[in-house]
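# Per-entry structural report
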Amino acid sequence: QVQLVESGGGLVQAGDSLRLSCVASGHIISNSPMAWFRQAPGQEREFVVVMHWTADSTYYSDSVKGRFTISRDNAKNTLYLQMNNLKAEDTAVYYCAARTYYSGNSRRPNDYAYWGQGTQVTVSS
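Summarised in this report is the structure supplied together with it. (Residues numbered from 1 in each chain as written. Predicted model: local features only at pLDDT ≥ 70, side-chain atom pairs only at ≥ 80, totals over all residues. Heavy atoms only, no water.)

Our next topic: the state of the cysteines. According to the stated counting rule, one finds 1 disulfide in the structure shown. Residue C22 pairs covalently with C96 via a disulfide, S to S 2.1 Å. One quick way to see it: the torsion about the S-S bond of C22 and C96 is about -70 degrees, and its sign makes the bridge left-handed. Placement of the pair is C22 in strand β3 (residues 18–24) and C96 in strand β9 (residues 92–98), with a sequence separation of 74 residues. (Disulfide = S-S within 2.5 Å. Helix = DSSP H or I, 4+ residues; strand = E, 2+ residues; numbered from the N terminus.)

Here you go:
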């Protein structure tokens, strides 16, 4: 059973930075596309970024491009999301997600088989 556990959320001011972490069980982060999604109250889950399991391709949503950076540490089975220049509209619960082994990248939540419990990010303006 794959488990994903996020951490690193919090309350920050606009313009601040945060780094989210997602610790995965097993070696899924090096064998599956890994993504971050977010969900604000009353809204649908939104794609943020995905990294291919080969790590040779990443795709960001236009709303975070240039401000957020995805990375991973295979030795620690950990996925990261560095978030800089945060804005009030970035406020949401952030989720780490994984597809099944050796799948392709996807921006659709329904394509992801495994999810973490989420971590709250709140940005005050």
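Now that the structure has been shown, we can carry on.
We now examine the pattern of salt bridges. Pairing between side chains of opposite charge can happen when their charged atoms approach one another. One pass over the full model with this rule turns up 5 salt bridges. Ionic pairing is found between K65 and D62, a salt bridge with its closest N-O pair at 3.3 Å. With respect to class, K65 is no different from D62; both count as exposed. One salt bridge in this structure joins R108 and D111, with 2.9 Å as the shortest N-O distance. Owing to a relative accessible area of 57%, R108 belongs among the exposed residues under this scheme. What you see here is one network of salt bridges that share partners, running through R38, E46, R67 and D90. (Salt bridge = Lys/Arg side-chain N within 4 Å of Asp/Glu carboxyl O. Buried < 20%, exposed > 50% of the residue type's maximum accessible area, 1.4 Å probe, protein only.)

Take the nonpolar core next. Core analysis: the largest hydrophobic core is formed by 29 residues, its most contacted members being L4, W36, L81, M83 and Y94. Of all elements in the fold, only β3, β4 (34–39), β5 (46–51), β7 (68–73), β8 (78–83), β9 and β11 (119–124) reach the threshold of two or more residues within this core. Once residues lying within four places of it in the same chain are set aside, the contact partners of L81 are L18, R19, L20, W36, V48, V49, F68, T69, I70 and Y94. Core analysis: the next-biggest nonpolar cluster, separate from the first, contains 6 residues, A35, F37, F47 and V50 among them. (Core = buried A, V, L, I, M, F, W, Y, C linked by side-chain atoms within 4.5 Å. Contact = heavy atoms within 4.5 Å.)

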